[in-house]
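# Close look at the chain arrangement
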Amino acid sequence: MSRETLYGWGRTAPSVAEVVTPHNEEDIMAQFNSSPGVIARGLGRSYGDAAQLSGGVVLDNRELGSIGEIDALGVVTVGAGVSIDELLATSIPRGWFVPVTPGTRQVSLGGAVAADVHGKNHHVDGSLATHVLALRLVTPSGAFTVSPTSDPDLFWATVGGMGLTGVVTSVTLRMLAIETDQVLVDTQRFANLDGVMAAMAGGDDAFRYSVAWVDCMTRGTHMGRAILTRADHARARDVAAVSLRAPRSPTLVVPFSAPSGLLNSLSVRAFNELWFRSAPRHEEREPTSLTSFFHPLDGVRDWNRLYGRRGFVQYQFCVPESAGDTVVEAVTRLSNSGVPSFLAVLKRFGPSNPGHLSFPMPGWTLALDLPVGPTKLPGVLDDLDELVLGAAGRVYFAKDARLSPQKARAMYPRLDAFLAVKRRVDPKSQLTSDLARRLQLDGK
Ligand SMILES: Cc1cc2nc3c(=O)[nH]c(=O)nc-3n(C[C@H](O)[C@H](O)[C@H](O)COP(=O)(O)OP(=O)(O)OC[C@H]3O[C@@H](n4cnc5c(N)ncnc54)[C@H](O)[C@@H]3O)c2cc1C
């Protein structure tokens, strides 16, 4: 056990906890028997305060690291501390890819399940939970193997439940068969947001993966200019030479925090301009490595330090299909506010799943990276919350560092049903986190 200061990826809300590294389920149970407050932590890639607990016990699950055999149908059981990076290192050479990946492969399977992560393929494949066949879960009431059929309530409360129903120790999931380590990418530049949204609504269904990078710092007719990339896995017949290589480790590292204020309106505008100009105007079926397409940011280790000591906030919301105008209004407000924002990520979501606190809903999602510093920022985000709520949308807990409990409750109408399941397995509300305390998600 060691006393440590823990941060989320945005480095905005540190807190001090006792960090314990369990090696097995008994070690986790021992913590429930002795500590009033416990939360699991994966690789700390949630942006806010979800994987920390001020004054409590944080279970660092990296030792839960086994990777089982992948069977002929792609089914594999993986320890919750295994990262997507480690899983891919084993699975790609055998012809299997993860069915869903977030924008970084440096997340643990436990963390990915707890946030019910989505990727660029939600409109086709749903979120991670769709591909999970069973979980092993340790709760204060005992350890269970939970599947969507054995205990649907507990399963659906746990996926997306941000670690508040128990500690996941292993995940059984079905992988996706691939013939190569390449995707064929179509790239298109759009002069404004309306153009790219129309293209996505009309054409995304023809591709497994789709994502648009949106410039939120341009105004007028170029408001929300964007680069749309859409892709499918390359078949063996699509490439000159078939390869199935594991992803490479990052070669670049940001060794220390940059001075706060380095990322201001001027530098962010210049970066966005460069990014936009460097993308091809129109390109089709360009063979691209899995790593470059899915995890471009993983090429630089600790890139979050570029935001300086004050850190940054990621604001990600989703709204229903019919509320596309809310996305336009959000980008308009942001570009008018002058608050610097890196290229935002716009995706379309397909149907949601029964997860009580799962984030995706059919429609649109926009994720914004915003350096902390501008005095206007908190007010701008409070306004965006109202806008999102007005459209029956919600903010993603895995990215959040600042929402209020009232708004969280309004955005997640199944919170009471979630709390009822949580009480069943955690009657003394021992499972809690800084996020859960702030948003009253722990039933206390
Ligand atoms: C660059 C970047 C890109 C991202 N892109 C996406 C994206 O495209 N889509 C998306 O959905 N998310 C995305 N994310 C967010 C990320 O996928 C989630 O925050 C994920 O939960 C992080 O996993 P982790 O292992 O780092 O978990 P942590 O951040 O350590 O923890 C996250 C939550 O999971 C819980 N948890 C962790 N391990 C366990 C366990 N074993 N049992 C129970 N609960 C557990 C924690 O208590 C906490 O509530 C991105 C993050 C980054 C930094």
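See the structure above.
The sections below set out a description of the structure shown in this document. As the structure is a computational prediction, the values presented were derived from the model and not from experiment.

Rules used in this analysis
- Residues numbered from 1 in each chain as written.
- Predicted model: local features only at pLDDT ≥ 70, side-chain atom pairs only at ≥ 80, totals over all residues.
- Heavy atoms only, no water.
- Near = heavy atom within 4 Å.
- Polar contact = N/O pair within 3.5 Å; in protein donor to acceptor, adjacent residues only side chain to side chain.
- Areas by Shrake-Rupley, 256 points an atom, 1.4 Å probe, with all protein chains shown as cover.
- Helix = DSSP H or I, 4+ residues; strand = E, 2+ residues; numbered from the N terminus.
- Expected span 1.5 Å × (residues − 1).
- Buried < 20%, exposed > 50% of the residue type's maximum accessible area, 1.4 Å probe, protein only.
- Arc of directions from axis to C-beta.
- Contact = heavy atoms within 4.5 Å.
- Pairing = 2+ DSSP bridges.
- Axes fitted to C-alpha atoms, helices over the stretch in contact; angles between N-to-C directions.
- Salt bridge = Lys/Arg side-chain N within 4 Å of Asp/Glu carboxyl O.
- Parallel < 35°, antiparallel > 145°, perpendicular 65-115°, else oblique.
- Left-handed = near helix turned anticlockwise from the far one by under 90°.
- Nonpolar A, V, L, I, M, F, W, Y, C, P; charged D, E, K, R; others polar.
- Phe/Tyr/Trp six-rings, centres within 6.5 Å; stacked < 30°, edge-to-face > 60°.

Near the ligand you find 36 residues, and of these Ala40, Gly42, Arg45, Ser46 and Ser108 are the closest. Contact distances for the ligand include 3.3 Å between an oxygen atom and a backbone N or O atom of Ala50. Note that a nitrogen atom of the ligand is positioned 3.2 Å from one of the side-chain N or O atoms of Asn61. The fraction of the free accessible surface of the ligand (970 Å²) that becomes covered by protein chains is 97%. Mapped by element, the contributors of at least two residues to the shell around the ligand are strand S3 (38-41), helix H3 (109-114) and strand S9 (167-174).

So, about helix H9 (residues 324-337). The end-to-end C-alpha distance of H9, which contains 14 residues, comes to 20 Å, matching closely the 20 Å that a straight helix rising 1.5 Å per residue would cover. Residues of H9 that are buried include every one of Gly324, Thr326, Val327, Ala330, Val331, Leu334, Ser335 and Ser337, and no others. Projection of H9 onto a plane perpendicular to its axis shows the buried side chains occupying an angular sector of 165 degrees, all on one side. Those residues of H9 hidden inside the fold are in contact with helix H6 (193-203), strand S17 (312-320), strand S18 (344-349), strand S19 (363-371) and helix H10 (377-390). The first or second residue beyond H9 is Gly338, which carries a positive phi of 80 degrees.

Looking now at the sheet that holds strand S8 (residues 142-146). Consider a sheet: its strands pair through backbone hydrogen bonds, and that pairing is either parallel or antiparallel. Taken together, the four strands give an open sheet; going across it, the order is S5-S9-S7-S8, and neighbouring strands pair in antiparallel fashion. In this open sheet, the two strands that pair with only one neighbour each are strand S5 (75-79) and S8. Sheet twist, expressed as the mean angle between neighbouring strand axes with direction ignored, is 10 degrees. Note: strand S7 (residues 132-139) against S8, five bridges, orientation antiparallel. By the bridge assignment, Leu135 is partnered in S8 with Val146. The sheet contacts of helix H1 (residues 25-34) involve S7, S8 and S9, and relative to S7 the element is tilted by about 45 degrees.

Further remarks concern the pattern of salt bridges. For the coordinates displayed, the defined rule picks out 27 salt bridges. One salt bridge connects Glu329 with Arg333, and the closest N-O pair in it is separated by 2.9 Å. Pair noted here: Glu329 and Arg333 are both in helix H9, with a separation of four residues, about one helical turn. Overall, the relative accessible area of 32% leaves Glu329 in the partly exposed class. Look at Arg333 and you get partly exposed, because its relative accessible area is 33%. Connected through shared salt-bridge partners, Asp204, Asp205, Arg230, Glu321 and Arg348 make up one network.

This brings us to the packing of H6 against H9. Closest axis-to-axis distance for the H6/H9 pair is 11 Å, and the angle between their directions is 150 degrees. Viewed along their axes, H6 and H9 adopt a mutual orientation that is roughly antiparallel. In this structure, H6 crosses over H9, and the sense of that crossing is right-handed. On the side of H6, the interface is formed by Leu193, Asp194 and Met197, while H9 contributes Gly324, Val327, Val328 and Val331. Partitioned by chemical class, the residues of the contact of H6 with H9 number five nonpolar, one polar and one charged.

The next subject is H6. Given 3.6 residues to a turn, an α-helix orients residues that are three or four positions apart in the same direction. Inspection of H6 places Leu193, Val196, Met197, Ala199, Met200 and Gly203 among the buried residues, and these make up the whole buried set. The buried residues of H6 occupy one face: seen down the axis, they fall within an arc of 160 degrees. Exposed side of H6, more than 90 degrees from the buried face: Asp194, Ala198 and Gly202 are the residues found there. Its side-chain oxygen at 3.5 Å from the backbone nitrogen of Asp194, Asn192 defines the N-terminal cap of H6.

In spatial order, the strands read S1-S2-S4-S3; together these four strands make up an open sheet with mixed pairing. With one partner strand each, in any of the chains shown, strand S1 (2-6) and S3 form the two edges of the open sheet. If you compare each strand with its neighbour and ignore which way they point, the axes differ by 40 degrees on average. Of the strand pairs in this sheet, strand S2 (residues 15-20) and strand S4 (residues 57-60) are connected by three bridges, and their pairing is parallel. Bridge assignment links Val19 to a residue of S4, and that residue is Val58. Packing of H1 onto the sheet brings it into contact with S2, S3 and S4, and relative to S4 it is tilted by some 175 degrees.

This brings us to the packing of aromatic side chains. Tallied over the entire structure, the rule returns 14 aromatic pairs. The interplanar angle of 65 degrees and the centroid separation of 6.2 Å between the aromatic rings of Tyr209 and Phe293 together place this pair among those described as edge-to-face. In this pair, Tyr209 sits in strand S12 (residues 209-214) while Phe293 sits in helix H8 (residues 290-294), placing the two residues 84 residues apart along the sequence. As far as burial versus exposure is concerned, Tyr209 and Phe293 are alike and both buried.

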